[in-house]
Amino acid sequence: MGRMYCATQRITNHAFLVLQAFMILWPLELFAQKSAKRITQYALRIYSARDGLPMNGSKKVFQDSKGYLWIGTQEGLIRFDGVHFKRYASPEYPGLKENFIWDIAEDHDGNLWVATNGGGVSRFDGRSFTTFDTTDGLPSNLIVKLLVGKDGTVWIGGEGGLTHFRDGKIERMRFDGGPIKDGKSGRVVGLCEDNEGNLIFSTVEGGIIIQQKNGFKFVDVENGFDSCFKSNSGDLLLGGYGGVIYICRKGQVREFTPSNIPVPAKITGIYDAGEDGLWFGSEGGGIARYLNGEFETLNTKNGLPSGGDYIFSMAVDHEGSFWFASDGGLIQLRDTPFSAFGRLEGLPFEFGSVVSGEKDNAAWVGLRSGGMAGIKNGQVKSPVFNAEFHDKEITS
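Everything numeric in this text was worked out from a predicted model, so none of it was measured. (Residues numbered from 1 in each chain as written. Predicted model: local features only at pLDDT ≥ 70, side-chain atom pairs only at ≥ 80, totals over all residues. Heavy atoms only, no water.)

### What to know about the overall build of the protein
Heads up, the condition is: Secondary structure follows DSSP: runs of H or I at least 4 residues long count as helices, runs of E at least 2 residues long count as strands, and numbering of each begins at the N terminus. Only protein chains enter the accessibility calculation, which uses a 1.4 Å probe; a residue whose area is less than 20% of its type maximum is buried, one above 50% is exposed, and one in between is partly exposed. Contact between two residues is taken to exist if any of their heavy atoms lie within 4.5 Å; hydrogens are not considered. Accessible surface area values rest on a Shrake-Rupley calculation with a 1.4 Å probe, where residue burial reflects the displayed protein chains alone.
The secondary structure content of the protein amounts to zero helices and 36 strands. When the 396 residues of the protein are sorted by exposure, 54% land in the buried category. Across the protein, every contact between residues at least 6 apart in sequence was considered, and the portion connecting residues at least 24 apart equals 49%. Surface summary for the protein: the accessible area is close to 18100 Å², and the carbon and sulfur share equals 46%.

Here it is, written out as structure tokens:
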């Protein structure tokens, strides 16, 4: 992904089928391509303070046009090139008035914009920061959302409503004959743009506001949205509160919430990976994927570190890796040519001694205790047990 490349990956504590001398990692080509990997079979890497971040928690992850990852934290703006982390923060960079960063965006000139928790909005040209605050026209210095529009306008959402930066000036957004103010439009918490360049935003008071040619349309929903993904068709997927997902199509909003959604928390990230499913990050429910009518989750119960259930943003880099900013660290999920199998995939025991390949993308695994199991098309099939296998190793 441009300059971005991954450091050596650590295998997580997720229980893979491990032999005494080697791991059973099957090439993905062994199984039918239609069978997507389980979410627990992706290579998982956690970056934390031990790896060079100023702290474990992060609020935003964003990849720029050059391929660098940028991470917004409470201790400044962090650049990651795949090996090293570099921190940009005050007082070393005095133009940045507040180190707590909520959001990051890149304008058409390659400048980064960062939304801060009380220090206004700052523009970074790679060398220094320029900050805009209430003295420049912002209604508040608490900024939580940023968006660069198709026409290059930088939209700034935060306490007090919506403003934009255009032609070197900040101007407050107006509708209904007056400025956006408390009521249906206080703090902006969700912000995106459709294919026609129309704004769609949401406020902490709830509801969704859609810009149209003749003004603004208010969609009366119980809660607003936090995250947004624009599909190839132009539809907007909006991640709401309580696990609610909305679809916005040509100015019309409807709820899309499968009845079995397993993360009844704020949806803070959405990405449609096509045949690999619809991915979500959530604030309290970890990571989820919707594929073939079913949900899978990855959380602190099956692989994520402490604090990893609290996802604040997600991004997909140029190489297809998923990145999640969380309280438990910067999380990377990466597809590999191999599929790993363990208890989370259905094996009854973690350790094996022998594997026998069969026709039709199938294999038998002899376990070191308790029997054997079949694997076909990427799925564990009907483990075979026998009392006389108890505590005995199958070697052939």
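Picking up where we left off.
### Describing the packing of aromatic side chains
Here is the rule: Ring pairs shown here join Phe, Tyr and Trp side chains whose ring centres sit within 6.5 Å, with only the six-membered ring taken for Trp; geometry is labelled stacked below 30 degrees between planes, edge-to-face above 60, and tilted in between. For a Lys NZ or an Arg CZ to count as sitting over a ring, it must be within 6 Å of the ring centre and within 35 degrees of the ring normal.
Enumeration according to the criterion identifies 24 aromatic pairs in this entry. A ring pair is formed by Phe-280 and Phe-295, whose centres lie 6.1 Å apart and whose planes are at 40°; its orientation type is tilted. Of this pair, Phe-280 sits in strand β26 (residues 278–283) while Phe-295 sits in strand β28 (residues 294–298), and the two are 15 residues apart along the sequence. You can call Phe-280 buried: its relative accessible area is 1%. For Phe-295, a relative accessible area of 15% puts it in the buried group. What links up through ring pairs into an aromatic cluster is the set Tyr-42, Phe-229, Tyr-271, Trp-279 and Phe-322. Against the face of Tyr-68 rests Arg-79, its NZ or CZ located 4.5 Å from the ring centre.

### As for the layout of surface pockets
Using the following cut-off: Buriedness for pockets is judged along seven lines, at least five of which must meet protein on both sides within 12 Å for an open set on the 1 Å grid over protein atoms alone, while cavities are sets there where a 1.4 Å probe fits but cannot get out, and lining residues have an atom within 4 Å of a point. Grid points are joined across faces, edges and corners, and a volume is the space filled by probe spheres set on the points. When residues are grouped by polarity, Ala, Val, Leu, Ile, Met, Phe, Trp, Tyr, Cys and Pro land in nonpolar, Asp, Glu, Lys and Arg in charged, and all others, Gly among them, in polar.
A volume near 1400 Å³ is recorded for the largest pocket. In terms of lining, the largest pocket is formed by 48 residues, of which the most central are Lys-60, Asp-103, Ile-104, Leu-146 and Cys-228. Broken down by secondary-structure element, the contributors of at least two residues to the lining of the largest pocket are β3 (60–63), β7 (101–106), β11 (143–148), β17 (188–193), β21 (225–230), β25 (266–272) and β29 (311–316). Among the residues making up the lining of the largest pocket, the classes are represented as 24 nonpolar, ten polar and 14 charged.

### Some points on the sheet that holds strand β13 (residues 161–166)
As a reminder, the rule being used: We treat two strands as partners when DSSP finds at least two bridges between them. Where helices are involved, their axes are fitted lines through C-alpha atoms of the stretch in contact, as for all axes, and angles between N-to-C directions lie from 0 to 180°.
Pairing is antiparallel across the open sheet formed by four strands, whose spatial order is β11-β12-β13-β14. Edge positions in the sheet fall to β11 and β14 (169–172), since each has one partner strand and no second. Pairs of neighbouring strands in the sheet enclose a mean axial angle of 25°, with direction left out of account. Note that strand β12 (residues 154–158) and β13 share five bridges and pair antiparallel. Looking at the pairing, Trp-155 lines up with His-164 of β13.

### Overview of the nonpolar core
It is characteristic of soluble globular proteins that their nonpolar side chains tend to be buried jointly. Short version of the rule: Residues grouped as a nonpolar core are buried Ala, Val, Leu, Ile, Met, Phe, Trp, Tyr and Cys residues, joined through side-chain atoms within 4.5 Å.
Trp-279, Ile-287, Phe-324, Ile-331 and Leu-333 are the most contacted members of the largest nonpolar core, which totals 14 residues. At the level of secondary structure, the elements contributing two or more residues to this core comprise β2 (43–47), β29, β30 (322–326) and β31 (329–334). Excluding residues that lie within four positions of it along the chain, Phe-324 makes contacts with Val-61, Phe-280, Gly-281, Ile-287, Ile-311, Ser-313, Met-314, Gly-329, Leu-330, Ile-331 and Leu-333.

### So, the pairing of β26
The buried fraction of β26 amounts to five of the six residues, a majority that puts the element mostly inside the structure. Relative to β26, β25 runs antiparallel, the two being bridged by six bridges. Each residue of the ladder has a partner; that of Ile-270, found in β26, is Phe-280. Pairing of β26 with strand β27 (residues 286–291), which is carried by five bridges, proceeds in the antiparallel orientation.

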